[in-house]
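# Secondary and tertiary structure notes
Listed below, chain by chain, are the residues.
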Amino acid sequence: MRQYGSAWRRSGPLGVSYRGSSVLSAPYTDAHSKTDYLSLADPKALQYVLHKSGYHYPKGRETRQLIKLIVGQGIIWVDGTAHQRQRKVMTRAFLAPQLRTFLPLFQNTASKLAQKWKDDVISLNPTGEAVVNVTTWLSRTTLDIIAESGFDSHFGALDNEKTPLAKLHDNLFVDTTLYPSRFDVVFKSLWRFIPESLLHYVRYLPLREYRRFREYTGGVRHFSRDLIKEVLVKGDGKDVMSVLLRANASENPDNKMSDEEVAEQIASLLLAGHDTTANSMTWFLWEIAKHPESQDRIRAEIAALRARRGVEEFSSTDLDNMTFTMAALKEAMRLHPIVYILRREAGRDDVIPLAFPITTKSGEQISSIPVKKGTAIDILIGAYHRLPEIWGPDADEWNPDRFLDPDRAKQTTVGVFANLLTFSGGLRGCLGWRFAVLEMQVLVATLLENFEFSVLPQDEKTQIYRKPGGLMIPMVENQTGAWMGLRIKALK
């Protein structure tokens, strides 16, 4: 990106005649579109692909098949008019007033996590501190939250109850997408040339990752069938699924989702409301552990609010008014987008505009890129989040203050939250982004009021690596599964 700008072409896994070429030649020809990937971090290009022409850039066949393997045929999988219809119904389950009713649940679960750390971990150490793998604990916390708020169900993950569904979630992405075999990389690169009717059967391949996905989706479908029966009997639940079923029942028959379509949403809700939030919080804690001055500023906001509130729980307005805390959350999501790449495919011949002109191999400067139908488009969230033209010359560094007084004149509207693409943007922007942000605000306020976080001395056993396994997963060498060990000290 530093060398070639905010748009470039790369070769696919099998290589092409323009092998390794990183600078565009114009126009973007048929030879390119069949095998190359157009990589975009330019804000105007991203706005065009995600917002202005969203349904003209659907997910490609291989992307849809991978989504189908993980979460079935829910809203993340569907495209076009089916997506419009499902999104219209589901939006009503994620309106701001509805989400604010979950605030007490978020606070109770966050307080339970804090008490667990004090009673089950720190109390065992006379120094009043301990090393905690925060990833595992946060994953269990968010799983309990989405179980109750999403489905009025009890998973007991924080109490280490091993329900079948909780077991299926353990290290799902580490076990399936983190270390693909050479065969699998090449095989997936060919999916775009295989009819979808045949691709359905790849889930039955006798390989570890496909077996793991098969077990997960099978378990979620079993849970979904039982859940919908219970919700229909109850009728008046406040959880997301109950609201969704009532919203669907009140729709015009032509716009309603079928029972099967409703059931398919549950895997998407579990995934989006669990692993993504837990991982975002993990990276946030890592950053503030490395930057104690930021911890102090957040804790000062909490203390000032506590002085006014006393023993009362904070309201959503209180949390929103903690301006530096919110800025720090945004900065962590900017530096560590959990989903680091989205893939689309040009549904027609088109011309993609650019905010920042680039130079082609011939030396020509261009401000738009012609693409052919079928061109694979990589939306590079991580690269966009570090563009110096948008975020400043210190775009690679931790600086929450950039969000306290942002220069909006520099920014093209791209994402749904803080102009980040953490929750995607445009026609397929995440419906539950307000849910996730409020949940993280509560977790931050609760945990930093009770604990001080610091990083461990860095050596080969504690060096944290960001591993791309579908989500950006923290790991260390010679350790199985996700791991983010932080030193946690209880505050008096």
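Our structure is the block above this text.
The following refers to the structure shown.

Each value, and the rule that gives it
Residues numbered from 1 in each chain as written. Predicted model: local features only at pLDDT ≥ 70, side-chain atom pairs only at ≥ 80, totals over all residues. Heavy atoms only, no water. Helix = DSSP H or I, 4+ residues; strand = E, 2+ residues; numbered from the N terminus. Buried < 20%, exposed > 50% of the residue type's maximum accessible area, 1.4 Å probe, protein only. Lys, Arg positive; Asp, Glu negative; His and termini not counted. Salt bridge = Lys/Arg side-chain N within 4 Å of Asp/Glu carboxyl O. Contact = heavy atoms within 4.5 Å. Pairing = 2+ DSSP bridges. Axes fitted to C-alpha atoms, helices over the stretch in contact; angles between N-to-C directions. Phe/Tyr/Trp six-rings, centres within 6.5 Å; stacked < 30°, edge-to-face > 60°. Parallel < 35°, antiparallel > 145°, perpendicular 65-115°, else oblique. Polar contact = N/O pair within 3.5 Å; in protein donor to acceptor, adjacent residues only side chain to side chain. 1 Å grid on protein atoms, 1.4 Å probe; cavity = no way out; pocket = protein on both sides within 12 Å on 5 of 7 lines; lining within 4 Å. Points joined across faces, edges and corners; volume = space filled by probe spheres on them. Nonpolar A, V, L, I, M, F, W, Y, C, P; charged D, E, K, R; others polar.

Looking at the element boundaries, Lys-68 is found in helix 3 (residues 61-71). Buried and unpaired, Lys-68 has Glu-196 as its nearest opposite-charge partner, separated by 5.9 Å. Apart from residues lying up to four places away in sequence, Lys-68 is in contact with Gln-73, Trp-77, His-200 and Thr-217.

Once that is clear, we can look at the sheet that holds strand 8 (residues 451-455). Read from one edge to the other, the open sheet built from three strands follows the order 3-11-8, with strand pairing classed as antiparallel. Each of the sheet's edge strands pairs with one partner strand only, and the pair in question is strand 3 (129-133) and strand 8. Within the sheet, the average angular offset between the axes of one strand and its neighbour, ignoring direction, is 35°. Sheet topology note: the strand 8/strand 11 (residues 485-490) ladder contains five bridges and is antiparallel. Bridge pairing in strand 11 links Ser-454 to Arg-487. Sitting on the sheet, helix 15 (residues 275-290) is in contact with strand 8 and strand 11, with an inclination near 80° to strand 8.

For the rest of this paragraph, the subject is the environment of Arg-306. Considering the arrangement of structural elements, one finds Arg-306 in helix 16 (residues 292-309). Along the chain, Arg-306 and Val-476 lie 170 residues apart, while their C-alpha atoms are 37 Å from each other. For Arg-306, the residues in contact, after removing those within four places along its chain, are Val-311, Glu-312, Phe-314 and Glu-449.

Here the focus is the packing of aromatic side chains. Per the stated rule, a full pass over the model turns up 17 aromatic pairs. Considering the side-chain rings of Tyr-48 and Tyr-57, the 6.3 Å spacing of their centres and the 75° angle between planes classify their relative orientation as edge-to-face. Accessibility assignment for this pair places Tyr-48 and Tyr-57 in one class, buried. Geometrically, the ring pair formed by Phe-106 and Phe-435 is edge-to-face, given 5.1 Å between the ring centres and 80° between the ring planes. Here Phe-106 is found in helix 6 (residues 103-121), whereas its partner Phe-435 is found in helix 21 (residues 433-450), with 329 residues between them in sequence.

Let us now look at the packing of helix 3 against helix 12 (residues 208-234). Closest axis-to-axis distance for the helix 3/helix 12 pair is 7 Å, and the angle between their directions is 55°. Here helix 3 is positioned oblique relative to helix 12, judged by the angle of their axes. Residues Lys-68, Leu-69, Ile-70 and Val-71 of helix 3 pack against Tyr-210, Phe-213, Tyr-216 and Thr-217 of helix 12.

Right, let's talk about the pairing of strand 5 (residues 350-359) for a bit. As judged from the six bridges shared by strand 5 and strand 6 (residues 365-371), these two strands associate in the antiparallel manner. Its bridge partner being in strand 6, Ile-352 is matched across the sheet by Ile-369.

You can see Gln-441 is positioned in helix 21. In terms of polar contacts, Gln-441 uses its side chain to reach the backbone carbonyl oxygen of Leu-319, at 3.4 Å. Residues in contact with Gln-441, not counting those within four places in the same chain, are Leu-319, Asp-320, Met-326 and Leu-329.

Moving on, we get to empty space enclosed by the protein. Throughout the structure, instances matching the rule amount to four cavities of 30 Å³ or more. The volume enclosed by the largest cavity comes to roughly 60 Å³. When contributions to the lining of the largest cavity are tallied by element, the ones reaching two or more residues are helix 12 and helix 14 (259-272). Among the elements that make up the lining of the largest cavity, the one with the highest residue count is helix 12 (four residues). Taken as a whole, the second largest cavity spans an internal volume of roughly 40 Å³. Taken together, Trp-286, Val-455, Leu-456, Gln-458, Thr-462, Ile-464, Trp-483, Met-484, Gly-485 and Leu-486 form the lining of the second largest cavity. The residue makeup of the lining of the second largest cavity, split by class, is seven nonpolar, three polar and no charged.

In this structure, Ala-278 sits in helix 15. Here Ala-278 falls in the buried class, since its relative accessible area comes to 3%. For the pair Ala-278 and Leu-138, spaced 140 residues apart in the sequence, the C-alpha separation amounts to 5.1 Å. The contacts of Ala-278, once residues within four sequence positions are left out, are Leu-138, Ser-139 and Thr-142.

Attention now goes to the pairing of strand 11. The pairing of strand 3 with strand 11 spans five bridges and is classified as antiparallel. Considered in strand 11, the bridge of Asn-133 is made with Gly-485.

Our next topic: the layout of surface pockets. Using a probe with the size of a water molecule, rolled over the atoms, empty space left in the structure can be pinpointed. Of the pockets and cavities examined, the second largest pocket occupies roughly 460 Å³. Only helix 7 (134-151), helix 8 (164-169), helix 9 (172-176), helix 15 and strand 10 (471-475) provide two or more residues apiece to the lining of the second largest pocket. No other element matches helix 7, which puts five residues into the lining of the second largest pocket. Across the lining of the second largest pocket, the residue classes break down as 10 nonpolar, 12 polar and six charged.

Next up on the list: unusual backbone geometry. Look at Asp-152: it is not a glycine, yet its phi comes out positive at around 50°. Inspection of the secondary structure assignment puts Asp-152 in the loop between helix 7 and helix 8. The phi dihedral of Asn-160 is positive, around 65°, even though this residue is not glycine.

What follows covers helix 13 (residues 240-249). Where burial is concerned, most of helix 13 is hidden: eight out of the 10 residues are buried. Restricting attention to buried positions, one finds in helix 13 the residues Val-240, Met-241, Ser-242, Val-243, Leu-244, Leu-245, Ala-247 and Asn-248.

Running from amino to carboxyl end, helix 15 crosses helix 16 at an angle of 105°, the nearest separation of the two axes being 5 Å. As far as their axial angle goes, helix 16 and helix 15 are roughly perpendicular. On helix 16, the residues touching Phe-284, Ile-288, Ala-289 and Lys-290 of helix 15 are Pro-292, Gln-295 and Ile-298. Its residues assigned to classes, the contact of helix 15 with helix 16 shows five nonpolar, one polar and one charged.

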